[in-house]
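What the coordinates show
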Amino acid sequence: MKRRYFIHVLLTAVALSASVSCTKDGLTDGGRLPEGQYPLVIDGITLGVEGGEAQPWGAPQTRISENKDGMGSLFDKGDSFAVQMDGNPQLGIYTVQDDGSVTAETPLYWSDQNTRNVNAWYPATDGTIDLGDQSQRLVYLLNGTGTGDYRTYVTLNFTHALAKVRVTPSDEALGKVQRLQLYTCTQCTYEKGRVGQGSQDGWIEMKKCEYIENGVSVTCWEANVVPGYEITRLLANGSEERNLSKGIIPVAGKLNNITLNYDKGYNLSSDGRTYEVYSARGLLAWNEAAQKDLSLNCILTRDIDMTGKEWVLIGDPSNYRYNGTFDGGNHTITGLTVNQPETDCVGLIGYLGGGTVKNLTLENVNITGRNYVGGVVGYNYNSAVTNCTVTGDVSGSGYVGGVVGFNVYRSSVTNCTVAGDIFGNDNVGGVVGINYFFCTVTDCTSSGYVNGNDRVGGVVGDNSDGSTVIACTATGNVNGNDQVGGVAGQSTYVNNDVPAITACIATGDVTGGDNVGGVVGDFDGNMTACYHATGNVLGNNDVGGVIGANFGTVTACYWSDTPETGIGNDNGEATEVTDGNWAGAVEQMNTALQGVSAECRYEIGADGLPVLKKKQ
């Protein structure tokens, strides 16, 4: 059982020039005391004690200052408190001296023989108290009471109007904590030592304290807070936010002790197969575990900042394929950086085989690899990437895409958005580098700059061998040398498996050398209801507003602006819209879509251009 320490801070009154005792001879008529002759004498002061075995030291819980061993408390030299007698509007100000005594800066006097209540408070003046930064010194708010008469010295008993919160790291967590904050009211008003209104919620910087308890060093963080306001969050080291397992509602004059365990950054499902990740540390822990077990799932439960963190690639070309589910939970990973220009299969997931990545935003990424490089997945084999957004830069040599570098063997990329710049040599796409062997890219958008050499497209670099690109939009500029397109650089068939591009839009500038098209540079497949508008298409040979070099079937496709020719080296069905009225084109494209895509239809948007809408 812990010993309770009931601590009294005794402040001896300054000797008076005259005794406080008196006789009836000194009284005025009617029992009134002579004015200014019977001063109030404060004989002692105690700090209120709220004992309890659950509290580390019994009490007191909040202090004007702490003794080095953490077992005592005292008023500091220069601490001034206000005093008022019951029924007397006058205020006295009393100040603690360096020897522990008290002097009256503005003294009070007894005016009659009655027993009176005496009230006191610290700080001496009312106002607003700032609780936001207690890293160097805790903030205190006290009120005191006592009883006496003109024959009696008065002892004031102070109690604490604020509550104390103490956070004690466990042994495992201690060395990893350099700074702690808690979220609650950062200001409050006060009057006569009593809390008024708490306001301006925010982070309070806590004070690091080191005490010796029973011969053992105790390290903790403390702050005095407004009572009655629930606390649910802590912030360690300025960046690692923690939710308390149960919120606390502090009570005035009492201590709330929180044990801070080591934060792994994740929770593990009951079957041990899924990491529920809420911090960068947890994401790295999942990464480390996934190196050994490529089927472990990951679910993000909070936005995560990976700035400055080293990321180890998951999966590689040697058939080590990640086959679990990475669910972003509609959260964001910020600042992911992978700089491995000599490595293949580079991305958040290097090699995804039989797995899924979904519901994720990657913000301000910087991904660099050699071949098979994507913001989300480098090499996507028989897998699905759904509802993902990428902002930032992705670069490599071959098969480079904003979301997926190499999309192969019945894989899908659906409802993904890229708003970054994509750089490579060949098979470079705003969303997917290459879409190959019965794969799909659906409902995707790219708005960044795409630059490469051969097979360069605003959405996909190459779409081949029975694969499809449906309902995709590219609004950024595309630049390359050979086979350059606003949507796809190249789309051809292999083994009679015909690719298709349906209901796709390009609106940026497309520039290149040979085989340059507003939608596709080099095409051999089925194209339906696609158009290029508002941007120029510029090149040397086989340049068209829709297709540069065409060997396939084109239905209800349109272009405007430069060049004059819709299809560079073929007279296929492409129509130029010269008057800016796209209504007729919308009607024809919707008619063509009826037999190809039951989900898509065009409407005229606010800018006068067709926009894709999904049928309800």
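Higher on the page you've got the structure.
Notes on the structure in this doc start here. (Residues numbered from 1 in each chain as written. Predicted model: local features only at pLDDT ≥ 70, side-chain atom pairs only at ≥ 80, totals over all residues. Heavy atoms only, no water.)

This part is about the overall build of the protein chain. Assigned secondary structure in the protein chain consists of three helices and 61 strands. Entry remark: accessible area of the protein chain is about 25,700 Å², with carbon and sulfur atoms responsible for 43%. (Helix = DSSP H or I, 4+ residues; strand = E, 2+ residues; numbered from the N terminus. Areas by Shrake-Rupley, 256 points an atom, 1.4 Å probe, with all protein chains shown as cover.)

An α-helix turns once every 3.6 residues. As a result, residues three or four positions apart point the same way. Its 13 residues give helix 2 (residues 280-292) an end-to-end C-alpha distance of 19 Å, which sits within 8% of 18 Å, the value for a rise of 1.5 Å per residue. For helix 2, the elements touching its buried residues are strand 19 (266-268), strand 20 (274-277), strand 21 (297-300), strand 22 (304-305), strand 23 (325-334) and strand 25 (349-353). (Expected span 1.5 Å × (residues − 1). Contact = heavy atoms within 4.5 Å.)

Quick look at the sheet that holds strand 31 (residues 404-408) now. With parallel pairing, the eight strands of this open sheet are ordered in space as 25-28-31-36-41-46-51-56. Both edges of this open sheet fall to strand 25 and strand 56 (547-550), since each of them pairs with a single strand only. Sheet twist, expressed as the mean angle between neighbouring strand axes with direction ignored, is 5°. (Pairing = 2+ DSSP bridges. Axes fitted to C-alpha atoms, helices over the stretch in contact; angles between N-to-C directions.)

This paragraph deals with the packing of aromatic side chains. On inspection of all chains with the given rule, the structure shows 21 aromatic pairs. Between Y372 and Y379, the aromatic rings sit 5.0 Å apart at their centres with planes inclined by 65°, giving edge-to-face as the arrangement. Overall, Y379 belongs to the buried group, its relative accessible area being 15%. Grouping aromatic residues by their ring pairs yields a cluster made of Y351, Y372, Y379, Y399 and F406. (Phe/Tyr/Trp six-rings, centres within 6.5 Å; stacked < 30°, edge-to-face > 60°. Buried < 20%, exposed > 50% of the residue type's maximum accessible area, 1.4 Å probe, protein only.)

It is worth spelling out unusual backbone geometry at this point. Between Y122 and P123 the backbone carries a cis peptide bond, its omega angle lying at 0°. Within the fold, P123 resides in the loop between strand 7 (116-122) and strand 8 (127-130). The omega torsion across T562 and P563 is 10°, close enough to zero to call that bond cis. The phi dihedral of N364 is positive, around 55°, even though this residue is not glycine. Relative to the assigned elements, N364 resides in strand 26 (residues 356-368).

Moving on to the environment of T301. Inspection of the secondary structure assignment puts T301 in the loop between strand 21 and strand 22. For T301, a relative accessible area of 41% corresponds to the partly exposed category. For the pair T301 and N267, spaced 34 residues apart in the sequence, the C-alpha separation amounts to 9.9 Å. When near neighbours in sequence (up to four residues on either side) are disregarded, T301 contacts E276, V277, Y278 and H331.

A word on the pairing of strand 11 (residues 163-169). Of all the seven residues making up strand 11, seven are buried; the element is thus mostly covered by neighbouring parts of the structure. Burial of the side chains of strand 11 extends over both faces: A163, V165, V167 and P169 are buried on one face and K164, R166 and T168 on the other. Direction of pairing for strand 11 relative to strand 15 (residues 216-225): antiparallel, over a ladder of five bridges. When the bridges of strand 15 are listed, A163 appears paired with V225. Pairing of strand 11 with strand 18 (residues 255-260), which is carried by six bridges, proceeds in the parallel orientation. Note that in strand 18 the partner of V167 across the bridge is I258.

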